[in-house]
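# Tertiary structure, described
Listed below, chain by chain, are the residues.
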Amino acid sequence: MAGDTLTTKAEGEEVAVKYCTNLRASVETDVNAAPRAFVHSREWKKIMAGDPVEINPSVGHGMKIMTVAEWAGRWKRNDDFPDCLACGSLNTREHHFIQTWCRGNRKWESETLCLDCHNYSWRSYCDPEFTTPSEHEKERWNKMLEGNSALGVEN
Ligand SMILES: [Zn+2]
């Protein structure tokens, strides 16, 4: 069953559907002075306090006091959602993105950091029909059991 989880495409689907197009529900938005996503939240507190944070392993090792721009310098802007929800600046970097697809239904979260006002813009979305892969498995299992009892099959 594990192989059935987190599929990127529905079965038989040929057209690539993007996570953020043809949305069927509203996107939840939120602005915060600190990350809403857990990732980087401890580092952000240190950056704000002027304490050293761990250097990215791909460029070195050890701890260093960094500016926000230096710390976030390796992150990329999400061009699907480039604008800061607080000040409208396009000088943003995405630090958190997660998406789950189940049978063509989508659920995702994105959070960006604004390098101008240092606020975090949160966006999250869920298709109305979305069920998690495990919920879907359970549903399918129950249907199968119902089908078996209807046919008089003993387990
Ligand atoms: Zn901003």
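Starting afresh in each chain, residues are numbered from 1 along the sequence in its written order. Under the rules for a predicted model, residues below a pLDDT of 70 receive no local features and side-chain atom pairs below 80 are neither given nor counted, while totals for whole chains, interfaces and linings still include all residues. Here the side-chain values reflect all heavy atoms present in the structure, with hydrogen atoms and water set aside.

### Some details on the coordination of the zinc ion
- Here a donor is an N, O or S atom found within 2.8 Å of the metal, or within 3.2 Å if the metal is Na, K or Ca; sites may look incomplete because water is not among the atoms. Note on the zinc ion: its protein donors are Cys84 (SG), Cys87 (SG), Cys114 (SG) and Cys117 (SG). The metal-donor distances range over 2.3 to 2.4 Å.
- Any coordination sphere not matching a tetrahedral pattern (four donors, all angles between 85 and 135 degrees) or a square planar or octahedral pattern (four or six donors, opposite donors over 155 degrees apart, other angles between 65 and 115) is reported as irregular. In this structure, the zinc ion is surrounded by four donor atoms whose angles at the metal cover 104 to 115°, and the resulting shape is tetrahedral.
- In the primary sequence, the donor residues of the zinc ion line up as C-x2-C-x26-C-x2-C.

### Some thoughts on the pattern of salt bridges
- The term salt bridge refers to a side-chain nitrogen of Lys or Arg lying within 4 Å of a carboxyl oxygen of Asp or Glu. By the definition in use, this model includes 10 salt bridges.
- Here glutamate 70 ties to lysine 64 by a salt bridge, and the two come within 2.4 Å at their closest N and O atoms.
- The exposure class of glutamate 70 is partly exposed, given its relative accessible area of 37%.
- Among the ionic pairs, arginine 123 bridges to aspartate 83, the shortest N-O distance being 3.3 Å. Note that arginine 123 is positioned in strand S6 (residues 120-126) and aspartate 83 in the loop between helix H2 (68-71) and strand S4 (92-102), a separation of 40 residues in sequence.
- Under the relative-accessibility criterion, aspartate 83 is labelled partly exposed at 31%. Relative accessible area decides the class of each residue, using a 1.4 Å probe on protein chains only: under 20% of the type maximum gives buried, over 50% gives exposed, and in between gives partly exposed. Each helix corresponds to a stretch of at least 4 residues labelled H or I by DSSP, and each strand to a stretch of at least 2 residues labelled E; elements are numbered beginning at the N terminus.

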